[in-house]
Amino acid sequence: MTGPQRITGALYIDCGQQLQNLTWARHPRAKYECLLCHTTEGPVVGEHAVKAFVPTIRATHHQTHHQQGAQAA
């Protein structure tokens, strides 16, 4: 059993609304909010942008914003 865990970020995904003719009434979008450094990544908009953003944003954000802080400490 592991100890308590804390939430360090929030990933928001809006799947959008696609019409029957396959056009978008509301395009998909996503954003990531880091609760450690209080920054926001995104929002990204569009089906392909969201598909690329979602699986990598957490690792990308931590490499960009938290590796530098850890090395300086």
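Here the structure is shown first, and the text comes after it.
Quick look at the structure, then. (Residues numbered from 1 in each chain as written. Predicted model: local features only at pLDDT ≥ 70, side-chain atom pairs only at ≥ 80, totals over all residues. Heavy atoms only, no water.)

## Let's talk about the overall build of the chain
Stage number 1. Helix and strand counts for the chain come out as 3 helices and 5 strands.
Stage number 2. Against the compact-globule benchmark of 11 Å for 73 residues, the chain has a radius of gyration of 16 Å, which places it well outside the compact range.
Stage number 3. Oriented by its inertia axes, the alpha-carbon framework of the chain measures out at about 55 × 30 × 15 Å.
Stage number 4. Across the 73 residues in the chain, those meeting the buried criterion constitute 16%.
Stage number 5. A fraction of 33% describes how many contacts in the chain between residues 6 or more apart in sequence connect residues 24 or more apart. (Helix = DSSP H or I, 4+ residues; strand = E, 2+ residues; numbered from the N terminus. Rg over C-alpha atoms; globule rule 2.2 N^0.38 Å. Buried < 20%, exposed > 50% of the residue type's maximum accessible area, 1.4 Å probe, protein only. Contact = heavy atoms within 4.5 Å.)

## Regarding the pattern of salt bridges
Stage number 1. Taken as a whole, this structure holds 4 salt bridges when the rule is applied.
Stage number 2. Taking the shortest distance from any N to any O, the salt bridge between Arg26 and Asp14 comes out at 3.2 Å. Residue Arg26 is located in strand β3 (residues 24-26), and its partner Asp14 is located in strand β1 (residues 9-14); the two are separated by 12 residues in the primary sequence.
Stage number 3. Asp14 sits in the buried class, given a relative accessible area of 19%.
Stage number 4. Between Lys51 and Glu47 there is a salt bridge, and its shortest N-O distance comes to 3.4 Å. A residue pair is termed a helical-turn pair when its members lie 3 or 4 positions apart in one helix, as Lys51 and Glu47 do in helix α1 (residues 47-53) at 4 residues. (Salt bridge = Lys/Arg side-chain N within 4 Å of Asp/Glu carboxyl O.)

## Remarks on the sheet that holds strand β4 (residues 29-34)
In a beta sheet, neighbouring strands are held together by backbone hydrogen bonds and run either parallel or antiparallel to one another.
Stage number 1. With antiparallel pairing, the 3 strands of this open sheet are ordered in space as β1-β4-β5. The strands lining the two open edges of the sheet, one partner per strand, are β1 and β5 (40-45). In this sheet, adjacent strand axes meet at a mean angle of 5° when their direction is disregarded.
Stage number 2. Pairing between β1 and β4: 6 bridges, direction antiparallel. By the bridge assignment for β4, Gly9 is matched with Cys34.
Stage number 3. Across the sheet, helix α2 (residues 57-65) lies against β1, β4 and β5, angled at about 40° from β4, the strand it touches most. (Pairing = 2+ DSSP bridges. Axes fitted to C-alpha atoms, helices over the stretch in contact; angles between N-to-C directions.)

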